[in-house]
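Report on the structure
Spelled out, the chains give:
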Amino acid sequence: MATNIKALPHQYNTLQALRDYSHVLMLGGVGSGKTYLGCLYLLEELKRYYEGDKSIGLITAISYGQLRRSVLTEIFKNLSEWNIPFSYNQQQSLLTINGAKKFFCLSVDPGSVEKARGITVGSVWMDEAAYIRDIEIYNTIQGRIRDKNGSGKTLLTSSPNGFNFVYDLFQGELYDPKKYKTIKAKTKDNKHILDSFYDNMASQLDEKGVKQELEGEFVSRAGGQAYYQFDRDRNVKDVKWDGRMGYRAREFNVTPFTSCIGYFENNRFYIFDEIYMTGGSDTYMMAAELKRRGYENF
């Protein structure tokens, strides 16, 4: 018996984007249909299996509890409603759909992510990816996508979580428009949830909470941008360093360990370089990087 499976516009657009981009983020408010989208993505991967892609996929969650109570529960529910047979081997953390396509299902909390290091997969779906602890864990998972038979794609479904590394990758400093694509969805975009759900949630949240949890927007939960008057269009332009130091402007931050290099002239600061180091960097490592870039006497 055929089953009619429908996607909401933002879910359909996300699946379409995966054809053109290697990393696609569906950034949505609570109840916007992120996990359902992940289930639709599994069907796309199943289709690839019958087209010759015999690679194993990977599904991740930020904790074992979230994996079991949210992700797998939604997968099992939808596959059952769609009349698609499946099995789950809890000991191997292995989901098999229609006796064919296989997916490892793992938690990426700091205590569990090491279990992923020995596996090779062809694609990955990372649920609530913005709540992964740091970019090192994210990169650990990315390093598993190396089966040449797979699509090599990364689907991320998540609510926003401040201006963290996911923001950097998809909208900020690390953004590559050729690789990364964001599809946004608001809670209200899901016509299948209770009409009163949005209002009930909104009544319990402040303005920033509404923007993050219901509107699916990146916001700082710590009180706004560190430099609230900063405007990228107004305050940033391309400059070429001519070797002059003048007044030395340096800014340091820890976790990640960063340094901005620039000079002050004619009542303006000119920032011409930035160093961004992660993974437990210290002062000595930063000093070595400054020296490598030619700032030994800076």
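Refer to the structure above for everything that follows.
Note that the structure is predicted; figures quoted are calculated from it, not measured.

Quick look at the pairing of strand E4 (residues 94-97)
Judged by which residues are buried, E4 turns out to be covered on both faces: Leu94 and Thr96 on one side and Leu95 and Ile97 on the other are all buried. Pairing geometry for strand E3 (residues 86-89) and E4, over four bridges, is antiparallel. Pairing of Ser87 across the sheet is with Thr96, part of E4. Counted between consecutive antiparallel strands, the loop separating E3 from E4 contains four residues, among which Ser93 sits at a positive phi close to 55 degrees. Two elements, E4 and strand E5 (residues 101-107), share four bridges in a ladder whose sense is antiparallel. Residue pairing across strands places Leu95 opposite Phe103, the latter belonging to E5. Hairpin remark: E4 followed by E5, antiparallel, with three residues in the connecting loop; positive phi at Asn98, about 55 degrees.

A look at the packing of helix H2 (residues 34-50) against helix H3 (residues 64-81)
Look at H2 against H3: their axes get within 9 Å of each other, and the N-to-C directions meet at 60 degrees. Looking at the two axes, H2 sits oblique to H3. Our pair here, H2 against H3, has a crossing hand that is right-handed. On H3, the residues touching Thr35, Tyr36, Cys39, Leu42 and Leu43 of H2 are Ser70, Val71, Glu74, Ile75, Asn78 and Leu79. Taken together, the residues that form the contact of H2 with H3 break down as seven nonpolar, three polar and one charged.

Side note on the sheet that holds strand E2 (residues 57-61)
Pairing in this open sheet of eight strands is mixed, and the strands run E3-E4-E5-E2-E6-E7-E1-E8 from one edge to the other. Strands with a single pairing partner mark the edges of an open sheet, and in this sheet they are E3 and strand E8 (180-185). Here the strands of the sheet are splayed against their neighbours by 15 degrees on average, with no regard to which way each runs. Of the strands in this sheet, strand E1 (23-28), E2, strand E6 (123-127), strand E7 (154-158) and E8 are in contact with helix H4 (residues 135-142), which crosses E6 at around 150 degrees.

Observations concerning H2
Taking 1.5 Å as the rise per residue, H2 with 17 residues should run 24 Å; its terminal C-alpha atoms sit 25 Å apart, in good agreement. Residues of H2 that are buried include every one of Lys34, Thr35, Leu37, Gly38, Cys39, Leu40, Tyr41, Leu42, Leu43, Glu45, Leu46 and Tyr49, and no others. Of the residues trailing H2, Gly52 is marked for its positive phi of about 120 degrees.

Points about the environment of Glu114
Mapped onto the elements of the fold, Glu114 is located in the loop between E5 and E6. Between the C-alpha atoms of Glu114 and Thr140, which are 26 residues apart in sequence, the distance is 8.5 Å. At 2.7 Å, the side chain of Glu114 forms a polar contact with the side chain of Arg117.

Focus: the packing of aromatic side chains
The relative placement of two aromatic rings is captured by the distance of their centres and the angle of their planes. Tallied over the full model, the rule gives eight aromatic pairs. Measuring from centroid to centroid gives 5.0 Å for Phe76 and Phe86, while their planes differ by 15 degrees, and the two rings are stacked. Taken together, the residues span a long stretch of sequence, with Phe76 in helix H3 and Phe86 in strand E3 at a distance of 10 residues. Above the ring of Phe103, the side-chain terminus of Lys101 is found at 5.9 Å from the ring centroid.

Regarding the pairing of E5
The buried count for E5 comes to six of seven residues, which makes it a mostly enclosed element. In this sheet, E5 lies alongside E2 in parallel orientation, the contact comprising five bridges. Its bridge partner being in E5, Ala61 is matched across the sheet by Ser107.

Regarding the side chain of Thr154
With respect to the element layout, Thr154 can be found in strand E7. Residues within four places of Thr154 in sequence aside, it is in contact with Leu18, Ser22, His23, Val24, Val124, Met126, Tyr138, Gln142 and Ile145.

Some points on the pattern of salt bridges
A complete count under the given rule lists eight salt bridges for this structure. Salt-bridge contacts for Lys101 lead to Asp53; the nearest nitrogen and oxygen are separated by 3.9 Å. Linking Lys101 in strand E5 with Asp53 in the loop between H2 and E2, this pair joins segments that are 48 residues apart in sequence. By relative accessible area, which is 0% here, Lys101 ends up buried. The exposure class of Asp53 is buried, given its relative accessible area of 4%. Glu114 serves as the salt-bridge partner of Arg117, at 2.7 Å between the closest nitrogen and oxygen. By sharing partners, the salt bridges in this structure join Glu45, Arg48, Asp53 and Lys101 into a single network.

Rules used throughout
Residues numbered from 1 in each chain as written. Predicted model: local features only at pLDDT ≥ 70, side-chain atom pairs only at ≥ 80, totals over all residues. Heavy atoms only, no water. Buried < 20%, exposed > 50% of the residue type's maximum accessible area, 1.4 Å probe, protein only. Helix = DSSP H or I, 4+ residues; strand = E, 2+ residues; numbered from the N terminus. Pairing = 2+ DSSP bridges. Axes fitted to C-alpha atoms, helices over the stretch in contact; angles between N-to-C directions. Parallel < 35°, antiparallel > 145°, perpendicular 65-115°, else oblique. Left-handed = near helix turned anticlockwise from the far one by under 90°. Contact = heavy atoms within 4.5 Å. Nonpolar A, V, L, I, M, F, W, Y, C, P; charged D, E, K, R; others polar. Expected span 1.5 Å × (residues − 1). Polar contact = N/O pair within 3.5 Å; in protein donor to acceptor, adjacent residues only side chain to side chain. Phe/Tyr/Trp six-rings, centres within 6.5 Å; stacked < 30°, edge-to-face > 60°. Lys NZ or Arg CZ within 6 Å of the ring centre and 35° of its normal. Salt bridge = Lys/Arg side-chain N within 4 Å of Asp/Glu carboxyl O.

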